[in-house]
Amino acid sequence: MRTAISIDENTDPQIRLNFNITMLDLHCDYASVDVWDALGTNRQNVTKNVEKWQLDETGRRRVFSGRNRETREVRHDEHDMTLEEMHEEEGVHAVELNENNFKDWVKENEMAFVDMYAPWCIWCQKLAPTWEQLAKQVKQEGMPVGVGKVDCVQHALLCREEKVMAFPTLRWYHNGEAIAPDYKMDRTVTALVGFAKRKLDMDEKFKEWDKKQGAESDSEVRERKRQLYQQHRPEHPSCQVSGFLMVNRVPGNFHVEAKSKNHNLNAAMTNLSHVVNHLSFGEPIQAVNRKTKRILKQAPEEHKKFSPMDSSDYLTKDYHQAYHHYIKVVSTHLNMGSSAANKMMTYQFLEQSQVVFYDEDNVPEARFSYDLSPMSVVVQKEGRKWYDYLTSLCAIIGGTFTTLGLIDATLYKVFKPKKL
């Protein structure tokens, strides 16, 4: 087996990048795959050929969160008056909540709808007058729903305890318990009031069912029914992002970042810990293919570093930090024979990873920077020519003849009759 280094003659303008990454503490709604390279490519929230799965606490796929699907922009109401003008003319209807009164308030109100916002968030600013109008209409219609709001800048500890990852977070509470998932539809008064009414209707249906069952109903069955009527689906903030990207053959990077078209992310609660299930370059290697199996069986182990990052964990212990990975890609030609059936071209790479620290106002990202080497590695299996075999055969015959001659001469001298 001979190994050589030569100039990479590959003329393809792009290379395929295959990935399968599990974000351990990032919801699929906020996981964005972005691509940048030295030619000026800057693609945000790539969805083509990218698949997202929401995972449960055991790591199993639970909810399919989209493939080739763009995030829909939510609608907002336009108001003639600002929030301050509404307060002056109509008074304050949405209750200001803080660390001291939050828990008691959500327990006092059997049903509660809370806006957790940041004053600097543009989406929160658009929502503020709508939220006040919602509180006003709920009160006018006599709906048994408390409408409150929390300033997550002034009360950061409370929002951290409630695990607020994005602004605004619109969360429904029932008897002090948060009902998942959070509200993520249109932010208009009509849509919000309709959502509250549906919650109330479902609660009434559950109470009717519970009344019919009486005291004999099984507690486990009752709890399942309660969650069903409340549309309560506890979510685990873990997302598997997989697929492939066609990237230019120049230095660049792709990164998974916490981002949303309809929210501003809370940098203080963004954790980019992740597991690289698979990462490779080029067409996926089909190990079950007979040609591939035959070639890889002959190739040396030191030239099989096609996906050295597979099944690697990259965990950060604190906020405002994330792993960055630096990858050097080298094209590799495995020539295990003279025919095309015994040749294949693939990519090996070496990587280094380190933790990068971010400012408190910046949202971290899990970055994978890659650079393609202008050189390629050629692994050549050296076969023997026909005349090599002929020369070897002649050498064996000649050696055998000589050896037999020596043995014959020795035996002749040993057993030669002596003259008297």
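Above: the structure in question.
Definitions and cut-offs
- Residues numbered from 1 in each chain as written.
- Predicted model: local features only at pLDDT ≥ 70, side-chain atom pairs only at ≥ 80, totals over all residues.
- Heavy atoms only, no water.
- Salt bridge = Lys/Arg side-chain N within 4 Å of Asp/Glu carboxyl O.
- Buried < 20%, exposed > 50% of the residue type's maximum accessible area, 1.4 Å probe, protein only.
- Helix = DSSP H or I, 4+ residues; strand = E, 2+ residues; numbered from the N terminus.
- 1 Å grid on protein atoms, 1.4 Å probe; cavity = no way out; pocket = protein on both sides within 12 Å on 5 of 7 lines; lining within 4 Å.
- Points joined across faces, edges and corners; volume = space filled by probe spheres on them.
- Axes fitted to C-alpha atoms, helices over the stretch in contact; angles between N-to-C directions.
- Parallel < 35°, antiparallel > 145°, perpendicular 65-115°, else oblique.
- Left-handed = near helix turned anticlockwise from the far one by under 90°.
- Contact = heavy atoms within 4.5 Å.
- Nonpolar A, V, L, I, M, F, W, Y, C, P; charged D, E, K, R; others polar.

Colleague: Would you mind showing me how to read the pattern of salt bridges here?
Modeller: Close approach of charged atoms lets side chains of opposite charge pair. Tallied over the full model, the rule gives 17 salt bridges. R60 is the salt-bridge partner of D56, the closest N and O atoms lying 3.6 Å from each other. You can call R60 exposed: its relative accessible area is 58%. One salt bridge in this structure joins K136 and E90, with 3.2 Å as the shortest N-O distance. One end of the pair, K136, is in helix α3 (residues 122-140); the other, E90, is in helix α1 (residues 83-90), and 46 residues separate them in sequence.

Colleague: What should I look at first to understand empty space enclosed by the protein in this one?
Modeller: Here the idea is plain: a probe the size of a water molecule rolls over the atoms and shows the empty space left. This structure, assessed with the given rule, holds one cavity of 30 Å³ or more. Considering only enclosed or pocket space, the largest cavity measures out at about 50 Å³ in volume. Taken together, M111, W172, H174, I179, K199, M202, D203, Y229 and Q230 form the lining of the largest cavity. Element by element, the count of residues in the lining of the largest cavity is highest for helix α5 (residues 189-213), at three residues.

Colleague: What's the story with the packing of α3 against α5 in this structure? I'm lost.
Modeller: Helix packing geometry: the angle between the two helix axes and the distance between the axes. Here α3 crosses α5 at 45°, and the two axes come no closer than 9 Å. It follows from the interaxial angle that α3 and α5 lie oblique. Where α3 crosses over α5, the handedness of that crossing is right-handed. Across the interface between the two elements, L127, T130, W131, Q133, L134 and Q137 from α3 touch V189, L192 and V193 from α5. Residues belonging to the contact of α3 with α5 are distributed by class as follows: six nonpolar, three polar and no charged.

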